[in-house]
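Notes for the structure review
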Amino acid sequence: MDSLVGISSTMLYTAFILYLIATIFFGATIKENKKQAKKSISGKIGITITIIGFLAQIVYFITRWMASGHAPVSNLFEFMTFFGMGIVFAFIIIYFIYKLNILGLFALPIAMIVIAYASMFPTEIAPLVPSLQSHWLYIHVTTVSLGEAILSISFVAGLIYLIRQIDQTVRSKRTTWLEIVLLSLFIFVGFSVISTAFNLSGYSAEFEYTFNGQTTTTDYHLPPIAGPNEGKLLTGDRMEPLFDAPGWMQGVDAARKFNTLIWSVLAGIVLYGLTRLILRKRVGAAIQPFLKKAKPDMLDEISYRAVAIGFPVFTLGGLIFASIWAQIAWDRFWGWDPKEVWALVTWFFYAAFLHLRLSRGWHGERSAWLAVGGFAIIMFNLIAVNLILAGLHSYA
Amino acid sequence: MNNNQSKSNKKQKKRNRLIFRTVVLAVLLAAVVYALVSNLTQDETAVKAGTEAPDFKLEQINENNERETVQLSDLENKGVMLNFWGTWCDPCEDEMPYMQSLYPEYKEKGVEIVAVNLDTTKFVVDKFINKYDLTFPVPYDSNEEVMNAYNVEPLPTTFFINPDGEIEEVVEGGLTLDKIEGYLQQIQPEQ
Amino acid sequence: MSKIKCECGHVNPEGTVLCEACGKPVEGNQHIDGNDKRKLLNMRYDGSARRSQTYNKSIVDKTWNFFSSVKVGVWLIVLALIASGLGTIFPQEQYIPANAASRDPSIYYESQYGILGQIYYQLGFHNLYSSWWYMLLIALIGISLVICSIDRFVPLYKALKRQRPRRHTQFLKRQRLFSETDNTTDDDKAKLITKLKKKRYKVHEENGHILAEKGRFSRWGPYVNHIGLIIVLIAALLRMTPFMYLDEYVWVREGEQTVIPGTDGEYHIKNKDFILETYDENDPRFQEAIAQEGNVAKNYQTNAVIYKETGEKVAGAEPKLEKVKEEKIKLNHPLKFDSYTLYQSGYQQNEFQSMTFKVHETNDPDEKSLGSFTVDLTDPKNEYNLDNGFSVTVSQYYPDYEMDEGEPRSKTNYPRNPAFVFNVNPPGNEESEISFVGIGRNVDATGENDYKLGIENFETRYASGLTVRRDYTLPLFIIGAAIFMIGVIQGMYWHHRRIWLHPESEGMMVAGHTNKNWYGLKKDIEHIIEDTNVKMVKDQQEIE
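Analysis parameters
Residues numbered from 1 in each chain as written. Chains lettered and ligands numbered in written order. Predicted model: local features only at pLDDT ≥ 70, side-chain atom pairs only at ≥ 80, totals over all residues. Helix = DSSP H or I, 4+ residues; strand = E, 2+ residues; numbered from the N terminus. Rg over C-alpha atoms; globule rule 2.2 N^0.38 Å. Buried ≥ 20, exposed ≤ 12 C-beta atoms within 10 Å, placed from the backbone. Contact = placed C-beta atoms within 7 Å. Domains from an automatic or database assignment. Nonpolar A, V, L, I, M, F, W, Y, C, P; charged D, E, K, R; others polar. pLDDT = per-residue confidence, 0-100. Core = buried A, V, L, I, M, F, W, Y, C linked by C-beta atoms within 7 Å. Expected span 1.5 Å × (residues − 1). Axes fitted to C-alpha atoms, helices over the stretch in contact; angles between N-to-C directions. Left-handed = near helix turned anticlockwise from the far one by under 90°. Pairing = 2+ DSSP bridges.

**A word on the overall build of chain B**
- A tally of helices and strands in chain B yields 5 helices and 6 strands.
- Going from the N terminus to the C terminus, chain B shows its helices and strands as α-β-β-β-α-β-α-α-β-β-α.
- A compact globule built from 191 residues would reach a C-alpha radius of gyration of about 16 Å, whereas chain B, at 27 Å, exceeds it by more than 25%.
- Considered along the principal axes of its C-alpha atoms, chain B spans approximately 100 × 40 × 30 Å.
- In chain B, which comprises 191 residues, the share counted as buried stands at 35%.

So, in structure tokens, the structure goes:
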């Protein structure tokens with residue numbers, strides 16, 4: 001049993017490292033000129049390593065499944081990890097359609113950010129609560145995350161398009177927005193960095209507070225900037241919170257999550273600031289020269305194609321399979337639970353995307369911005385809905 | 001000639017299109033109106049004033065009353081005050097003495113008071129009946145069958161049924177002596 | 001307002017942008033698709049006349065045109081998107097947690113979320129998804145779906161049916177993929193045609209002009225998926241009629257039997273047993289997680305028997321019952337009978353079924369039992385006679401005891417906190433003593449009792465909460481969803497590709513169009529011109 005779990009986590013770690021190496025090889029393709037690009041060796045090595053990494057992650061998935069007895073998609077760690085795997089899978093598919101190396105340079109780091117983010121949540125194998133004990137668990141969850149992963153590739157292509165195309169010679173609304181998008185990626189990295197740092201140092205501070213009339217305790221693993229509302233610090237020689245989380249923040253451990261969010265944003269801003277300081281220009285402007293070779297038409301098409309492929313998969317998994325399961329488990333196929341609503345919002349968004357593109361001729365930059373917006377909604381649904389808006393789906 | 005023909009053709013086409021569009025829009029409009037109206041009226045109970053009171057038959061557990069069972073259809077040609085109550089419910093307890101005080105008089109006048117009880121144990125009902133010396137029939141509906149048939153939500157709920165078996169009034173919540181008497185007069189059969 | 005006759009001889013309906021047959025841009029209509037400002041032709045709906053854009057007269061026409069606009073449709077989608085998001089800021093009324101201090105929405109939102117919560121409640125956002133305006137919004141999307149589809153499907157269908165292989169050179173030159181080769185041979189052309197056929201293009205020929213077409217059916221995808229959506233909306237509409245959709249809830253205690261609401265008293269359910277299991281905390285797989293998060297439920301299950309009433313029925317009268325089904329109802333395993341479905345959806349743990357009391361001497365420190373008796377809490381008796389000659393009469397019973405303004409009373413109907421007033425009559429006709437006994441309570445009325453009652457044992461039982469559903473609209477939802485999926489796959493995973501070969505004096509023009517995946521079309525063309533003199537098409541799309 002233990003050995004299976006051991007293999008499983010080693011494999012996940014291996015996959016992560018392999019993705020990192022593959023990214024470097026994809027990075028090397030930038031320097032190649034057009035003729036080389038057609039038969040790029042580093043591109044080939046990159047995709048091979050990506051596939052090996054993907055296989056390693058599949059081994060992680062299977063061994064964890066064997067160890068727990070249920071598909072490892074039942075908590076935030078497992079689900080986000082699977083989502084990261086989905087992004088890699090979607091990238092591999094799109095890569096074989098379009099053979100665009102630059103895509104790997106962006107898609108793999110985003111998959112890695114997602115996996116690193118996932119590992120910050122409790123990784124113990126947890127038993128399945130009755131409502132999740134169904135084959136629909138993996139049918140629904142795998143399809144929906146695959147759909148979202150394919151849609152994420154649309155974001156990757158859109159992002160490359162924006163960095164490539166936006167005029168960086170002057171500061172404008174567009175450059176600012178692009179920086180904000182990049183900053184939010186830094187925040188995810190910041191979260192992983194800061195969590196790892198304090199985990200290694202073994203930081204812990206316990207608080208006591210009242211929630212729904214009951215006194216409970218919560219364990220902070222990051223120094224409390226925001227403490228629980230009217231909470232009491234139990235652990236000695238730890239810093240007192242700078243302020244209390246507002247009282248309207250409800251849900252289990254709302255204050256702790258809020259504190260984590262503050263830390264992540266701060267760490268992200270610091271990382272971003274350092275990067276700016278080193279580069280001495282906008283991050284987008286710094287990346288832009290490396291992307292000159294990518295053809296914007298191609299990026300635009302990939303971005304759209306990913307939506308065209310991902311939208312049906314997402315509809316099937318996120319709305320149809322979800323409804324079937326909800327009908328079996330919760331006696332109604334639709335109940336306006338926040339997660340359901342946000343799946344619908346995602347669906348509306350991409351429906352609007354397709355209509356704008358097909359009927360109103362929104363191509364190029366506008367389409368790319370929409371792809372970014374869609375990814376933001378997906379991430380909101382994956383993270384914020386679980387952590388902030390309590391509901392039937394909040395299993396983290 | 002040819003010109004005229006094409007003109008009339010065009011007119012015809014235009015009219016057809018107008019009819020088609022009107023029909024499609026009318027159907028869609030009807031669907032929307034239906035959706036909105038049925039959404040607004042969803043919460044209304046099916047058993048309401050003006051409808052016929054559903055029949056039921058229950059065991060009667062008040063030892064001060066001679067009936068063994070109560071069947072609503074047996075009370076034809078009488079006015080019926082049909083009250084749903086439980087011993088644990090405060091406002092139910094409050095109105096019981098009023099009902100008892102009016103019962104003998106209105107029984108003479110052809111109005112029956114029927115107080116359907118929803119407790120799970122007869123024991124507490126017996127104690128309660130003895131405490132207030134109730135004499136009207138108390139049918140016992142411990143599995144809430146009749147309560148469901150009447151769509152009763154809050155307790156107490158009282159239905160005033162006229163001699164024709166039609167519901168005159170539905171009152172949710174407690175009643176005062178005056179109010180009970182007023183309603184009883186409403187459903188009293190003509191002499 | 002007249003029909004437009006093209007120089008190729010084809011008569012087009014008014015509002016046509018590109019001649020249905022030869023594709024020549026119709027003069028005076030180029031602003032409609034913005035072709036006047038661009039080099040390439042806008043190919044959406046193949047330049048056919050969307051009628052909505054040509055008439056604007058009566059109110060009917062105006063309304064029609066309003067809904068026929070995709071712009072309006074997209075706005076409606078965006079509004080629905082924003083509205084849906086708004087409803088998740090705070091929980092909807094049905095998701096107010098059961099353990100909230102007050103579940104009354106007028107109190108809950110303000111007390112939990114302050115002034116913002118108050119505003120949220122006053123705007124009716126706590127029931128946003130059943131509000132009239134949200135439903136209206138969805139309904140308007142439905143209307144837009146129907147009208148947009150009608151207005152676009154018909155002309156597109158006609159245009160694709162009427163298209164001819166021979167196209168106007170202006171049309172070809174203004175396609176995104178285009179090339180012109182000065183010298184080509186018949187051999188080249190024959191090669192192209194063979195290769196096109198090999199690639200499974202349908203090749204049409206007219207006087208040497210070639211139209212090779214593939215995947216036209218993908219153009220119908222959007223209309224098919226819109227039909228699916230309309231069916232789903234119709235199903236949602238039907239679901240509002242009480243006959244089509246039933247939603248009830250029933251509590252059944254272990255060992256008890258009750259009528260299933262919503263079945264007109266036709267069906268009864270018996271709860272033989274309710275089972276609540278938790279995971280073994282010593283299970284090596286889950287040890288760590290359970291140690292951190294606490295016990296986790298493994299199973300909620302009701303062992304249920306369904307009975308059907310036979311013979312004529314009067315509500316409440318003792319029915320004749322016939323067993324229909326015996327099954328375990330679990331989460332994810334609902335029970336189905338007739339057209340109804342029963343779902344495990346809740347349970348109550350804290351109900352007592354019976355209590356056993358013992359009598360002992362007040363000053364006996366060991367509280368040695370002199371005799372005991374068991375009270376069935378669903379049916380307490382008036383008097384209990386003990387073996388040792390004692391008799392105990394029950395003078396009061398409160399199933400769910402509480403003190404209310406100094407008066408003992410029962411808070412609910414259910415034995416959740418049972419309490420009794422007993423009269424204890426010792427043998428030998430001594431005076432009876434009054435005792436008050438409840439959970440954690442044992443009060444001696446006078447303080448001079450010789451005997452005391454204690455709770456020796458008790459049994460609790462579960463009450464199981466089951467949802468009762470009957471939904472005749474489900475098949476319609478399934479059909480709608482299936483049609484939607486077919487349509488969306490048809491439209492998204494296939495592409496409509498067309499390649500035109502146009503002989504021009506000694507040479508040939510090649511043009512290509514697809515509704516998506518230009519990269520794939522380019523690869524196709526690259527493949528078919530291999531080993532010929534024909535030049536590869538140029539992508540004329542302006543780089544944005």
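**As for the overall build of chain A**
- For chain A, the helix and strand inventory stands at 12 helices and 5 strands.
- Whereas a compact globule of 396 residues would reach a radius of gyration of roughly 21 Å, chain A reaches 22 Å, a difference of no more than 12%.
- In terms of overall dimensions, chain A has a C-alpha envelope of 65 × 50 × 50 Å along the principal axes.
- Among the 396 residues that make up chain A, the fraction classed as buried is 49%.
- The long-range fraction of contacts in chain A, counting pairs at least 24 apart against all pairs at least 6 apart in sequence, stands at 76%.

**Brief notes about the domain arrangement of chain A**
- Segmentation of chain A into domains returns domain 1 (2-168 + 281-387) and domain 2 (200-261).
- For domain 1 of chain A versus domain 2 of chain A, the distance between C-alpha centres works out to 33 Å.

**Describing the interface of chain C and chain A**
- Taken together, the contact pairs 56 residues of chain C with 55 residues of chain A.
- Secondary-structure elements contributing two or more residues to the side of chain C that touches chain A are helix 2 (70-86), helix 3 (105-122), helix 8 (287-293), strand 9 (297-310), strand 12 (340-361), strand 21 (451-471), helix 9 (474-493) and helix 10 (518-528) of chain C.
- At 10 residues, helix 2 of chain C tops the list of elements feeding residues into the side of chain C that touches chain A.
- In the side of chain C that touches chain A, the residues fall into 28 nonpolar, 17 polar and 11 charged.

**What about the domain arrangement of chain B?**
- Along its sequence, chain B is carved into domain 1 (1-43) and domain 2 (57-187).
- Averaged C-alpha coordinates put domain 1 of chain B and domain 2 of chain B at centres separated by 55 Å.

**Description of the confidence of the model for chain B**
- Predicted confidence across chain B gives a mean pLDDT of 85, with 95% of residues reaching 70 or more.
- Mean pLDDT across the secondary structure elements of chain B bottoms out at helix 4 (residues 145-149) of chain B, with 82, and peaks at strand 4 (residues 111-117) of chain B, with 92.

**Section: the interface of chain B and chain C**
- Taken together, the 36 residues of chain B in the interface contact 35 residues of chain C.
- Mapped onto the side of chain B that touches chain C, the elements with two or more residues apiece are helix 1 (2-40), strand 1 (57-59), helix 3 (122-132) and helix 4 of chain B.
- Here the side of chain B that touches chain C takes 13 residues from helix 1 of chain B, the largest share from any one element.
- Class assignment of the residues belonging to the side of chain B that touches chain C gives a composition of 18 nonpolar, 10 polar and 8 charged.

**Considerations on the environment of Glu 78 of chain A**
Residue and element names in this part refer to chain A.
- Its place among the elements puts Glu 78 in helix 4 (residues 76-98).
- Taking C-alpha positions, Glu 78 is 24 Å from Gly 268, a pair spaced 190 residues apart along the chain.
- The residues contacting Glu 78, other than those within four sequence positions of it, are Pro 72 and Val 73.

**Some points on the nonpolar core**
- Counting residues in hydrophobic clusters, the biggest one holds 139 residues, and the most contacted among them are Ile 87, Leu 103, Ala 107, Ala 111, Val 156 and Ile 160 of chain A.
- Element by element, the count of residues in this core is highest for helix 10 (residues 296-330) of chain A, at 16 residues.
- The residues touching Val 156 of chain A, leaving out its near neighbours within four places in the chain, are Leu 103, Phe 106, Ala 107 and Ile 110 of chain A.
- Counting residues in hydrophobic clusters, the runner-up holds 61 residues, among them Val 70, Leu 72, Tyr 103 and Ile 113 of chain B.

**Observations regarding helix 7 (residues 221-238) of chain C**
- For helix 7 of chain C, with 18 residues, the first-to-last C-alpha span of 26 Å sits near the 26 Å given by 1.5 Å per residue.
- For helix 7 of chain C, the tally of buried residues reaches 13 of 18 residues, placing the bulk of the element in the interior.

**Overview of the packing of helix 5 (residues 101-118) of chain A against helix 7 (residues 173-201) of chain A**
Residue and element names in this part refer to chain A.
- Packing of helix 5 against helix 7 leaves a shortest axis separation of 9 Å and a crossing angle of 35°. Considering how the two elements wind past one another, helix 5 and helix 7 form a crossing that is left-handed. On helix 7, the residues touching Ile 113, Ala 116 and Tyr 117 of helix 5 are Leu 185, Phe 188, Val 189, Phe 191 and Ser 192.
- When its residues are assigned to classes, the contact of helix 5 with helix 7 shows 7 nonpolar, 1 polar and no charged.

**Remarks on the sheet that holds strand 5 (residues 209-214) of chain C**
Residue and element names in this part refer to chain C.
- With antiparallel pairing, the 6 strands of this open sheet are ordered in space as 4-5-22-23-3-24. Since the sheet does not close on itself, it has two edges, and those belong to strand 4 (202-206) and strand 24 (538-539), each with one partner.
- Two elements, strand 5 and strand 22 (residues 497-504), share 5 bridges in a ladder whose sense is antiparallel. Directly across from Lys 214, in strand 22, lies its bridge partner Arg 497.
- Contacting strand 3 (177-181), strand 22 and strand 23 (507-514), helix 10 runs over the sheet at an angle of about 150° to strand 23.

**Structural notes on the sheet that holds strand 15 (residues 391-398) of chain C**
All names here are of chain C.
- Spatially, 14-15-18-19-20 is the arrangement adopted by the 5 strands of the open sheet, whose pairing is antiparallel. With one partner strand each, in any of the chains shown, strand 14 (383-385) and strand 20 (441-444) form the two edges of the open sheet. Along the sheet, successive strands turn relative to each other by an average axial angle of 25°, direction set aside.
- In this structure, strand 15 lies alongside strand 18 (residues 419-425), joined through 7 bridges in antiparallel fashion. Residue pairing for strand 18: Val 394 is matched across the bridge by Phe 422.

**What to know about helix 5 of chain A**
- In this model, helix 5 of chain A (18 residues) spans 26 Å end to end at C-alpha, consistent with the 26 Å of a helix rising 1.5 Å per residue.
- Helix 5 of chain A sits mainly inside the fold: 16 of its 18 residues count as buried.

**Quick notes on the arrangement of the chains**
- Most contacts, when the 2 pairs of chains in contact are compared, are made between chains A and C.
- You won't find any contact between chain A and chain B; their C-alpha atoms come no closer than 16 Å.

**Let's talk about the environment of Ile 30 of chain A**
Residues and elements named next belong to chain A.
- Looking at where Ile 30 falls in the secondary structure, it is placed in the loop between helix 1 (2-28) and helix 2 (34-38).
- In this structure Ile 30 comes out as partly exposed when scored by C-beta crowding, with 17 C-beta atoms within 10 Å.
- On a C-alpha basis, the gap between Ile 30 and Gly 43 in space is 9.7 Å, while along the polypeptide they are 13 residues apart.

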